[in-house]
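The residues making up each chain are set out below.
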Amino acid sequence: KHFKCIIRDRIKDQYVQYWHEMMINSNKCCTYKIFKVTFGLEQYFKILPQHLALCLCKFRCSSHNLPIESLNVLF
C-alpha cells in the first residue's frame, strides 16, 4: 500500500512538471498563464454555475470563437 502511494505521487509530480513546462513554452497559453499558477482545480469553479464555468474555461484556454482567435486564421 505504501509503495502504491509513492508511485502515485511520483507519477503526479512528473505530470505536474510536464504541465508546467508545456504551459511556459506555449505561445497559445498567454491568457491561461495569467490566471493559472498552480496545478489543480480552482475553488471558484465549484461555486460558479456550470454554464459560466464552461465559458470561463474556454476563455482561459483560448478555446472560444471570439474574433481575436479567428483573426489568426486570416493572416
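On a predicted model such as this, the values are computed, not experimentally measured, just so you know.

1. Description of the overall build of the protein chain
Secondary structure assignment for the protein chain yields 5 helices and 0 strands. Taking all 75 residues of the protein chain together, 16% fall into the buried category. Within the protein chain, contacts between residues at least 6 apart in sequence are counted, and of these 29% link residues at least 24 apart. Carbon and sulfur atoms make up 65% of the accessible area of the protein chain, which amounts to about 6,600 Å² in all.

2. Considering the environment of Lys-28
Within the fold, Lys-28 resides in the loop between helix 1 (2-25) and helix 2 (30-35). Separated by 33 residues in sequence, Lys-28 and Cys-61 place their C-alpha atoms 8.1 Å apart.

3. Digging into the packing of aromatic side chains
Summed over all chains, the structure comprises 4 aromatic pairs. With a centroid separation of 6.2 Å and 45° between ring planes, the pair formed by Tyr-15 and Tyr-18 is classed as tilted. Separated by 3 residues within a single helix, Tyr-15 and Tyr-18 lie in helix 1, roughly one turn from each other. Ring centres of Trp-19 and Phe-39 lie 5.4 Å apart, and the angle between their planes is 70°; on these two criteria the pair is classed as edge-to-face. Taken together, the residues span a long stretch of sequence, with Trp-19 in helix 1 and Phe-39 in the loop between helix 2 and helix 3 (44-47) at a distance of 20 residues. The exposure class of Phe-39 is partly exposed, given its relative accessible area of 38%. Joined through ring pairs, the aromatic side chains of Tyr-15, Tyr-18, Trp-19 and Phe-39 make up one cluster.

4. Some words on the pattern of salt bridges
Under the counting rule described, the total for this entry stands at 1 salt bridge. One salt bridge connects Asp-9 with Arg-8, and the closest N-O pair in it is separated by 3.5 Å. With a relative accessible area of 39%, Asp-9 lands in the partly exposed category. Arg-8 sits in the exposed class, given a relative accessible area of 53%.

5. Digging into the state of the cysteines
All chains considered together, the criterion is met by 0 disulfides. Between Cys-55, a free cysteine, and Cys-57, which holds the nearest cysteine sulfur, the sulfur-to-sulfur gap is 9.4 Å.

6. Examining the confidence of the model for the protein chain
On average, residues of the protein chain carry a pLDDT of 80, and 81% of them reach 70 or more. Here helix 5 (residues 67-74) is the element of the protein chain with the lowest mean pLDDT, 53, and helix 1 is the one with the highest, 91.

Thresholds applied
- Residues numbered from 1 in each chain as written.
- Predicted model: local features only at pLDDT ≥ 70, side-chain atom pairs only at ≥ 80, totals over all residues.
- Heavy atoms only, no water.
- Helix = DSSP H or I, 4+ residues; strand = E, 2+ residues; numbered from the N terminus.
- Buried < 20%, exposed > 50% of the residue type's maximum accessible area, 1.4 Å probe, protein only.
- Contact = heavy atoms within 4.5 Å.
- Areas by Shrake-Rupley, 256 points an atom, 1.4 Å probe, with all protein chains shown as cover.
- Phe/Tyr/Trp six-rings, centres within 6.5 Å; stacked < 30°, edge-to-face > 60°.
- Salt bridge = Lys/Arg side-chain N within 4 Å of Asp/Glu carboxyl O.
- Disulfide = S-S within 2.5 Å.
- pLDDT = per-residue confidence, 0-100.

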